[in-house]
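Tertiary structure, described
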Amino acid sequence: MRRSACCFLSFGFAALWAEASVPVISFEREIRPLLKAHCFHCHGENDKPKAGVDLRLRKLMVDASTNNPGRRIVKPGHPNESKLLEVIESGEMPKEGKPLPAEAVSKIRQWIEQGAPTLRPEPDQPPRFFITEEERSFWAFQPIRKRTPLSPTKPGPSKNPVDQFLLAALEQKGLSFANPAEPRVLIRRLSFDLTGLPPEPEDVEKFVSDPSDASYARLADQYLASPHFGERWARHWLDVAGYADSNGGGDTDSERSWAWRYRDYVIRAFNSDKPLNQFIIEQLAGDELIQPPFETLGEGDLDKLIATGFLRMAPDPTGDGPADADLARNQVIADTLQIVSSSLLGLTVQCAQCHDHRYDPISQEDYYAMRAFFEPAFDWKRWKNPGQRMVSLMANDDRKLSQCIEQAAVQIDKEAQKLHDDLIEEFVAKQLELVPPEQKEPVMAARKTPAANRTDAQKKLLREFPTFQDHIILGEINPEGAKKVAAVRERATQERASKPPDPMVHALVEEPGSTPDTFLFHRGDHKQPRDKVSPGALAVLGDEARISTSAPTNTARGTSGRRLALARSLVDGKHPLPPRVLANRLWSHLFGSGIAPTLGDLGFLGERPSHPELLDWLASELVDGDWKVKPFLRTLVLSAAYRQSSANPRAAQVDPDNRLLGRFRLRRLDAEALRDSWLAISGKLNPRMFGSPVPVAFNNHGQVVAGSQMRDGNGDPTGAGGLGTEEFRRSIYLQWRRTMTLDMVETFDAPAMTPNCEIRPTSTAATQALMLLNDPFILARSEDLAARLRGEHPGDLRKQIDRLWRLGLSRPVPPNLLEQSLVYLAEQTESVRLRTPPKTQAGAKTDTASTPDPSFHALASLCQAVIGSNPFLYLD
């Protein structure tokens, strides 16, 4: 009877209001998400809801016997008699957090006025965490279906399915694509997107002379095959992986000397087009795929070990003496889970660490079930600091040799210490002759007694004869002896320098035979463990996403196999999230925004995809294409959507945010592309790949630049030393310290690794213009570019100017700008000449090397104007 009545209420009210053409507000679809976000943490999430009020079901608010006896908090059809609305409108509730927005309060009132309808019968009692059908049916949680694109009513020349999806949506708004981009614009766009560098002028002219589809396809293949492709696209992944060459997590920010091996692994992976499913498995569980000893691993297995550096990218100050070691350890685990979930699941799983997720159907149990996959490798009660997690690759023969060398060096150290002690005692013996005979023995006894054990009488005696205290400094009493000791110690230093190198890997390696239990922490507090939790997938994904960890996947090493099981489940082709997340992210790097713009949050708070069918098609295409990135990107760059112009006035008016892709999105080059292109066109770019990072340092102006750190006697920075051509390597090889980001990169929106960077911001700030005007790096590259122009076209200003335009902007200089540039150079040359100090008196020697060349400085200033102009900074 009660269930029948419930059905009548659920569907009867909906039908009644539908007939009256009033939008029906349902509990499941509109009201429950509001209450979940603002109220469930007190009234639904705990075992005992506060004041006995449970808001998880309509029936719990309407049935007086369930809540406060004799009083309902919701009286259907009577909002003014409903206690729920009263406490919300008065601001009495919620007591924690922000009050509900006026729109939300109005929606609750309307819902009660309509009879507080539900869409379906409710259970008698909800489970602790209740997932509604609306939450389960959310787009991101649905199985991926490869949709067939709708055919546009006006078929165009492109047969690319990407274009067909986009054109079908555009036509519904009476729109179409913009005209194709000019060849010079297109090749510059393609070159920067695929390699992060400007096109060579010769390649530009070749493409302009033959801009056919076949020629363009060959150009795309050329850039995809370039080693610079891996450098460019690895940087995108390193953002979301949270890559850093320092441990972060505090002021110390100690260095990660071997993190660069992971960076190089990612570059090699993209250049070799390693399938993304293999790429992900190796990063999550590479150590569970290989056999020790690690020092004899082949190249492929060594890459699997290096790949686990992905799980070591989170800030980790546990080796730097944090105030609360246990808290720091658990924070490392939390940050690691955030990196994994945002990069592969596209969800803010970390929001369920302390309580159920306020918006997404992710419970606190889900969070700790995910943590359980990683617990065997991140056992916080048997923790390893960053230094203890390093894996040595030193060969056995080299290790034995190194041990022999160390033993010899230790003997030399002992020799030096004995010499030091003998010289001190020799000095003491001479000083003892000055002590009265009756006090000699007490003085020596006091000297030999440890400071903590000395009697008051002994302390008094040593104050009377301070020479005999135990902190005698050899250099202050016998400088020649100190030199002898230093010479012996130098021998030990030289001996150790002959050791073979000990290459290390910054990796995560699970110890076999240890599988600690995982517990749900009450309110996220590791000091309050509650229920034991087993590893498992997100409950909202259903049984199809269930992960079996009952038996070790890799019994040869005896590890738990948990991470390997998780990794394989994520890339089995059936999981709805990783293919969508990865396809969306790859798309964003070419089109300036994802189909779902919030790359790291495909959940309820994220922006909905503009073309969900296209996103599913892309995800399916990625999986069906063996998870290969290069063919996937090739499909995108060959589309008409990618090749269109950025000018489409009609589309800009109808779709100002360009969600429908009726024109190409104008984008500023990112920080690394700017720095690398300045180096490239000035002729200074060092193309050397891989290896340890280029160090950064504070210069004498306090800026962070590429260079070796110079310090004074107190250890304070005094400037940056030069590194030769090393400082001109691509930006991906710069040392990436969390507290010392290169100023040039920081100014143009460097990624903030907190703990990772899901999407980069793009800002326009006065500091950027000031840097382009005054920064020593910009000024130096402008002079380098001027020198290059003079070297290529000596004495010919017109050719120098034209070459400047072709190098920097991929086009010849327009005639009017050529004439204006010539006038500018003449005026600027005269201006510099007038500011140049007068020559020395007749007969005196002149330092021609330091005498400014006004015409050269004028040309350098023109170069600076071009490389700081919008046509250079932006991709059209």
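It should be emphasised that the depicted structure is a prediction, and the values quoted were computed from it without experimental measurement.

Let's shift gears to the nonpolar core. The biggest cluster of nonpolar side chains holds 182 residues, and the ones touching the most others in it are W237, Y262, L284, L305, L618 and W678. Residues contacting Y262, with those up to four places away along its chain left out, are W237, L238, A241, Y243, Q283, I306, A307, G309, F310 and M313. Counting residues in hydrophobic clusters, the runner-up holds 24 residues, among them L34, V53, V105 and W111.

We now examine the packing of helix α31 (residues 776-792) against helix α32 (residues 797-809). Their axes nearest at 9 Å, the elements α31 and α32 cross at an angle of 125°. By the angle between their directions, the pair α31 and α32 is classed as oblique. In the packing of α31 onto α32, the handedness of the crossing is right-handed. Of the residues in α32, those in contact with L785, R788, L789, R790 and E792 of α31 are Q800, R803, L804 and L807. Grouping the amino acids of the contact of α31 with α32 by side-chain chemistry returns 4 nonpolar, 1 polar and 4 charged.

So, on to the packing of helix α11 (residues 227-241) against helix α15 (residues 325-345). In the contact formed by α11 and α15, the axes pass within 9 Å of each other and the chain directions differ by 135°. Of the possible angle classes, the one that applies to α11 and α15 is oblique. Together, W237, V240 and A241 of α11 and I339, S343 and L344 of α15 make up the contact between the two elements. For the contact of α11 with α15, the class distribution of residues is 5 nonpolar, 1 polar and no charged.

Let us now look at the packing of aromatic side chains. Applying the stated criterion to the full structure yields 22 aromatic pairs. Where Y642 meets F664, the ring centres are 5.5 Å apart and the plane angle is 90°; that geometry is what we call edge-to-face. Taken as a pair, Y642 in helix α26 (residues 640-643) and F664 in the loop between α27 (649-654) and β5 (667-668) lie far apart in primary sequence, 22 residues in all. Looking at Y642, the relative accessible area reads 0%, which means it is buried. When its relative accessible area of 2% is taken as the criterion, F664 is described as buried. Plain terms: the ring middles of W678 and F872 are 6.4 Å apart, the flat faces sit at 5° to each other, and that makes the pair stacked. In this pair, W678 is assigned in helix α28 (residues 671-681) and F872 in helix α35 (residues 870-873), connecting sequence segments 194 residues apart. Neither residue differs from the other here; W678 and F872 are each classed as buried. What links up through ring pairs into an aromatic cluster is the set W237, Y262, Y265, F270, F279 and F310. Here the guanidinium or amino end of R189 rests over the ring plane of Y642, the centre of that ring lying 5.8 Å away. Across the ring face of F777, the terminal group of R781 is positioned such that the distance to the ring centre comes to 4.9 Å.

This part covers the pattern of salt bridges. Here the idea is simple: oppositely charged side chains can pair when their charged atoms come close. Overall, the coordinates contain 64 salt bridges when judged by the stated rule. A cluster of three or more residues bridged by salt bridges with shared partners is formed by E28, R120, E133 and E134.

Glancing now at the layout of surface pockets. By volume, the largest pocket is sized at about 660 Å³. S588, H589, G592, R760 and T762 are the residues nearest the centre of the largest pocket, which is lined by 30 residues in total. Contributing elements (two or more residues each) for the lining of the largest pocket: α8 (183-195), α11, α23 (578-591) and β5. A per-element tally of the lining of the largest pocket places α11 first, with 4 residues.

Right, let's talk about helix α19 (residues 456-464) for a bit. Listed as buried for α19 are Q458, L461 and L462. Buried residues of α19, viewed axially, fall in a sector of 95°; they line one side. Facing away from the buried side of α19, by more than 90 degrees, are the exposed residues D456, K460 and R463. Looking at the buried residues of α19, the elements they touch are α18 (437-448).

What follows concerns helix α10 (residues 213-225). Between its first and last C-alpha atoms α10 spans 18 Å; for 13 residues at 1.5 Å apiece the expected length is 18 Å, and the two agree. Residues S215, Y216, A217, L219, A220, Y223 and L224 constitute the buried set of α10. The secondary structure elements touched by the buried residues of α10 are α8, α9 (201-209), α11, α25 (629-637) and α26.

Quick look at the side chain of K630 now. Within the secondary structure layout, K630 lies in helix α25. For K630, which is buried and forms no salt bridge, the nearest opposite charge comes from D273, at a distance of 6.0 Å. Residues contacting K630, with those up to four places away along its chain left out, are L224, A225, F229, F270, N271 and D273.

The subject of this paragraph is the confidence of the model for the chain. Here the chain averages 91 in pLDDT, while 93% of its residues score no lower than 70. Confidence over residues 1-20 falls short of pLDDT 50; this stretch has 26 contacts with residues more than four positions distant or in other chains. Confidence drops under a pLDDT of 50 for residues 840-844, and excluding neighbours within four residues, the segment shows 2 contacts in the predicted structure.

Here S215 is to be found in helix α10. Separated by 607 residues in sequence, S215 and L822 have C-alpha atoms that sit 36 Å apart. Residues within four places of S215 in sequence aside, it is in contact with F207 and D210.

With that out of the way, let us pick up unusual backbone geometry. Cis geometry marks the peptide bond from M93 to P94, where omega comes out at -5°. Within the fold, P94 resides in the loop between α4 (83-89) and α5 (102-113). Cis geometry marks the peptide bond from P292 to P293, where omega comes out at 5°. Mapped onto the elements, P293 comes out in the loop between α13 (276-285) and α14 (299-307). The backbone of A116 sits at a positive phi, close to 55°, despite the residue not being glycine. Mapped onto the fold, A116 is located in the loop between α5 and α6 (133-136). What makes A116 buried here is its relative accessible area of 0%. Here D626, not a glycine, exhibits a phi torsion of approximately 60°, which is positive. Looking at the element boundaries, D626 is found in the loop between α24 (612-624) and α25.

Reading the values: rules and limits
- Residues numbered from 1 in each chain as written.
- Predicted model: local features only at pLDDT ≥ 70, side-chain atom pairs only at ≥ 80, totals over all residues.
- Heavy atoms only, no water.
- Core = buried A, V, L, I, M, F, W, Y, C linked by side-chain atoms within 4.5 Å.
- Buried < 20%, exposed > 50% of the residue type's maximum accessible area, 1.4 Å probe, protein only.
- Contact = heavy atoms within 4.5 Å.
- Axes fitted to C-alpha atoms, helices over the stretch in contact; angles between N-to-C directions.
- Helix = DSSP H or I, 4+ residues; strand = E, 2+ residues; numbered from the N terminus.
- Parallel < 35°, antiparallel > 145°, perpendicular 65-115°, else oblique.
- Left-handed = near helix turned anticlockwise from the far one by under 90°.
- Nonpolar A, V, L, I, M, F, W, Y, C, P; charged D, E, K, R; others polar.
- Phe/Tyr/Trp six-rings, centres within 6.5 Å; stacked < 30°, edge-to-face > 60°.
- Lys NZ or Arg CZ within 6 Å of the ring centre and 35° of its normal.
- Salt bridge = Lys/Arg side-chain N within 4 Å of Asp/Glu carboxyl O.
- 1 Å grid on protein atoms, 1.4 Å probe; cavity = no way out; pocket = protein on both sides within 12 Å on 5 of 7 lines; lining within 4 Å.
- Points joined across faces, edges and corners; volume = space filled by probe spheres on them.
- Arc of directions from axis to C-beta.
- Expected span 1.5 Å × (residues − 1).
- Lys, Arg positive; Asp, Glu negative; His and termini not counted.
- pLDDT = per-residue confidence, 0-100.

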